[in-house]
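# Observations on the model geometry
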Amino acid sequence: MAKPGNKIIQAKLVLLGDMGTGKTSLVLRFVKGQFFDNQEPTIGAAFFTQILSLAEATVKFDIWDTAGQERYHSLAPMYYRGAAAAVVVYDISSMDTFTRAKKWVQELQRQGNQNLVMALVGNKSDLEAKREVETEEGDQFAQENGMLFIETSAKTSQNINDLFYEIGKFWIHNI
Ligand code: GDP
Ligand code: MG
């Protein structure tokens, strides 16, 4: 809940990345604390809100969770234009999804907002035994492109809150 007199920041966040990387699962873990092994694929896009209280301000996230399929690609600009943050998600157990994530970052750099905060997320960190993308690779790409970077697991909830805290903190200090 918002503390009386505390500043409130409301901002739009969009999730992008390949189908199956866990975008919907990340949001459901953050917003509802739930996880499903058989998460239904997202059709088009879905909208969620969540409030986080930080020391300096209360942040209200308006979250657009997009579908990763190529046939929905032309809809993506509708969601990332006007967004204050873009979270690009890949699956640490799939190099293909990391390659696709890099393409999303390039598109955002060309066509996203000037002040867009970008975060790169390596999800499914619980699948360590199947890892194809090393932490250093993700970290380095994020650094080169001025992005926040974090590895998460929607399944175990590792770093899920931290992801949104980091974005919230960034907004507080930069908006
Ligand atoms: P989206 O297409 O990017 O929205 O991905 P979904 O959220 O629909 O997830 C795709 C599949 O990956 C589902 O079967 C999820 O249960 C699974 N999944 C999502 N996040 C994780 C995770 O952190 N770890 C594991 N092991 N599976 C996950
Ligand atoms: Mg989805």
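It should be emphasised that the depicted structure is a prediction, and the values quoted were computed from it without experimental measurement.

Moving on: the pattern of salt bridges. If you walk through the whole model with that rule in mind, you get seven salt bridges. Here Arg-131 ties to Glu-128 by a salt bridge, and the two come within 2.8 Å at their closest N and O atoms. Note on Arg-131: relative accessible area 16%, which makes it buried. The partner of Glu-166 in a salt bridge is Lys-169, with the nearest N and O atoms 3.6 Å apart. Taken together, the positions of Glu-166 and Lys-169, both in helix H5 (residues 160-174) and three residues apart, correspond to about one turn of that helix. According to the relative accessible area criterion, Glu-166 is partly exposed, its value standing at 37%. Among the ionic contacts, a cluster of salt bridges with common partners joins Glu-128, Arg-131 and Glu-151.

Here the focus is H5. Here H5 spans 22 Å end to end across 15 residues, near enough to the 21 Å set by a 1.5 Å rise per residue. Taken residue by residue, H5 has Ile-160, Leu-163, Phe-164, Ile-167, Gly-168, Trp-171 and Ile-172 as its buried positions. For H5, the angular spread of buried residues about the axis comes to 165°, placing them on one side. In H5, the exposed positions angled more than 90 degrees off the buried face are occupied by His-173 and Asn-174.

What follows covers the packing of helix H3 (residues 95-111) against helix H4 (residues 135-144). Closest axis-to-axis distance for the H3/H4 pair is 12 Å, and the angle between their directions is 5°. Taken together, the axis directions place H3 and H4 in an arrangement best described as roughly parallel. Residues Met-95, Phe-98, Lys-102 and Val-105 of H3 touch H4, and the partners they reach there are Glu-137, Gly-138 and Phe-141. Of the residues belonging to the contact of H3 with H4, the class tally is four nonpolar, one polar and two charged.

Turning our attention to the confidence of the model for the protein. A residue-level look at the protein finds 97% of positions with pLDDT of 70 or above and a mean pLDDT of 93. Across the predicted assembly, pTM comes out at 0.95 and ipTM at 0.99.

So, about the nonpolar core. Leu-13, Phe-61, Ile-63, Val-87, Phe-164, Ile-167 and Trp-171 are the most contacted members of the largest nonpolar core, which totals 30 residues. At the level of elements, strand E1 (7-17), helix H1 (23-32), strand E2 (45-53), strand E3 (57-66), strand E4 (85-91), strand E5 (117-123) and H5 are the ones that each hand at least two residues to this core. Here this core takes six residues from H5, the largest share from any one element. The residues contacting Ile-63, other than those within four sequence positions of it, are Leu-13, Leu-15, Val-27, Phe-30, Val-31, Ala-46, Phe-47, Phe-48 and Phe-164.

Here the focus is the packing of aromatic side chains. Summed over all chains, the structure comprises eight aromatic pairs. Ring geometry for Trp-64 against Tyr-79: centres 5.1 Å apart, planes inclined by 45°, an arrangement best described as tilted. Of this pair, Trp-64 sits in strand E3 while Tyr-79 sits in helix H2 (residues 76-80), placing them 15 residues apart in sequence. The class of Tyr-79 is buried, set by a relative accessible area of 12%.

Moving on to the coordination of the magnesium ion (ligand 2). Thr-24 (OG1) and Thr-42 (OG1) make up the full set of protein donors to the magnesium ion (ligand 2), lying at 2.0 to 2.1 Å. Placement of Thr-24 in helix H1 and of Thr-42 in the loop between H1 and E2 is noted, with a sequence separation of 18 residues between them. In this structure, Thr-24 and Thr-42 share a single accessibility class: buried.

The next subject is the site of ligand 1. With respect to spatial proximity, 19 residues lie near ligand 1, and among them Gly-20, Lys-23, Ser-25, Phe-36 and Asp-126 are the closest. Within the backbone of Gly-20, an N or O atom sits 2.8 Å from an oxygen atom of ligand 1. For ligand 1, an oxygen atom lies 3.1 Å from a polar atom in the side chain of Lys-124. In terms of residue count, the dominant contributor to the shell around ligand 1 is H1 (three residues).

Reading the values: rules and limits
Residues numbered from 1 in each chain as written. Chains lettered and ligands numbered in written order. Predicted model: local features only at pLDDT ≥ 70, side-chain atom pairs only at ≥ 80, totals over all residues. Heavy atoms only, no water. Salt bridge = Lys/Arg side-chain N within 4 Å of Asp/Glu carboxyl O. Buried < 20%, exposed > 50% of the residue type's maximum accessible area, 1.4 Å probe, protein only. Helix = DSSP H or I, 4+ residues; strand = E, 2+ residues; numbered from the N terminus. Expected span 1.5 Å × (residues − 1). Arc of directions from axis to C-beta. Axes fitted to C-alpha atoms, helices over the stretch in contact; angles between N-to-C directions. Parallel < 35°, antiparallel > 145°, perpendicular 65-115°, else oblique. Contact = heavy atoms within 4.5 Å. Nonpolar A, V, L, I, M, F, W, Y, C, P; charged D, E, K, R; others polar. pLDDT = per-residue confidence, 0-100. Core = buried A, V, L, I, M, F, W, Y, C linked by side-chain atoms within 4.5 Å. Phe/Tyr/Trp six-rings, centres within 6.5 Å; stacked < 30°, edge-to-face > 60°. Donors = N, O, S within 2.8 Å, 3.2 Å for Na, K, Ca; no water. Near = heavy atom within 4 Å. Polar contact = N/O pair within 3.5 Å; in protein donor to acceptor, adjacent residues only side chain to side chain.

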